[in-house]
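As a plain string of letters, each chain reads:
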Amino acid sequence: MEEWVALLGDGDYKRVAEDTVGDLWVSTVWLGLDTNYRDDKHPLIFETMVWTVAGDKIIDGPIRYMTEEAAVTGHRYVVAQIERRNELYGGPL
């Protein structure tokens, strides 16, 4: 329990990935608890959220994952989709 509490308080440990893409900030973190309340066989313990750079508005998410590998892959996918959107529309919306 003490280790879990210490890890929850360690921002560097919790942060899986973060990127700023134009006017958006993509953040993927380890939650430290299972958010899949319907299925105890598939714990969702990582999450990606998309915020405004100012951090005052959620644009997308949560997108949740079972593993760190899936979270990293999902984070990269979200970033690529935002970059593609910016290319298509000539910059941030």
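Provided above is the structure to which this section pertains.
Described below are features of the structure shown in this document. On a predicted model such as this, the values are computed, not experimentally measured, just so you know.

About the criteria used
- Residues numbered from 1 in each chain as written.
- Predicted model: local features only at pLDDT ≥ 70, side-chain atom pairs only at ≥ 80, totals over all residues.
- Heavy atoms only, no water.
- Helix = DSSP H or I, 4+ residues; strand = E, 2+ residues; numbered from the N terminus.
- Pairing = 2+ DSSP bridges.
- Axes fitted to C-alpha atoms, helices over the stretch in contact; angles between N-to-C directions.
- Contact = heavy atoms within 4.5 Å.
- Phe/Tyr/Trp six-rings, centres within 6.5 Å; stacked < 30°, edge-to-face > 60°.
- Buried < 20%, exposed > 50% of the residue type's maximum accessible area, 1.4 Å probe, protein only.
- Core = buried A, V, L, I, M, F, W, Y, C linked by side-chain atoms within 4.5 Å.

## So, unusual backbone geometry
Residues other than glycine predominantly adopt negative phi, and peptide bonds predominantly adopt the trans conformation.
Right, so step 1: For the bond from glycine 61 to proline 62, the omega torsion is 5°, close enough to zero to count as cis.
Right, so step 2: Within the secondary structure, proline 62 is located in strand S4 (residues 58-65).

## Looking at the sheet that holds S4
Right, so step 1: Read across the open sheet, the 4 strands follow the order S1-S2-S3-S4; overall the sheet is antiparallel. The strands lining the two open edges of the sheet, one partner per strand, are strand S1 (15-21) and S4. Pairs of neighbouring strands in the sheet enclose a mean axial angle of 10°, with direction left out of account.
Right, so step 2: When S1 meets strand S2 (residues 24-30), the two strands line up antiparallel, connected through 6 bridges. Its bridge partner being in S2, alanine 17 is matched across the sheet by threonine 28.
Right, so step 3: On the sheet, helix H3 (residues 68-89) packs against S1, S2, strand S3 (46-52) and S4 and is oriented at approximately 5° with respect to S1.

## Some remarks on the side chain of asparagine 86
Right, so step 1: Tracing the backbone through its elements, the reader meets asparagine 86 in helix H3.
Right, so step 2: When residues no more than four places from it in sequence are discounted, the contact partners of asparagine 86 are Val21, Gly22, Gly91 and Pro92.

## A look at the packing of aromatic side chains
Right, so step 1: Applying the stated rule across the entire model yields 1 aromatic pair.
Right, so step 2: Ring plane angle 90° and centroid distance 5.3 Å describe the contact between tyrosine 13 and tryptophan 30, whose orientation is recorded as edge-to-face. Here tyrosine 13, found in helix H2 (residues 11-14), pairs with tryptophan 30, found in strand S2; they are 17 residues apart in sequence, far enough to count as distant.
Right, so step 3: With a relative accessible area of 45%, tyrosine 13 lands in the partly exposed category.
Right, so step 4: When its relative accessible area of 13% is taken as the criterion, tryptophan 30 is described as buried.

## Here's the deal with the nonpolar core
Right, so step 1: Ranked by size, the top nonpolar core spans 7 residues in total: Val21, Leu24, Val26, Val50, Val78, Val79 and Ile82.
Right, so step 2: If you list the elements that add at least two residues to this core, you get S2 and H3.
Right, so step 3: Per element, the largest residue contribution to this core is 3 residues, and it comes from H3.
Right, so step 4: Listed in part, the 5 residues of the second largest apolar core include Leu7, Trp30, Tyr65 and Ala71.

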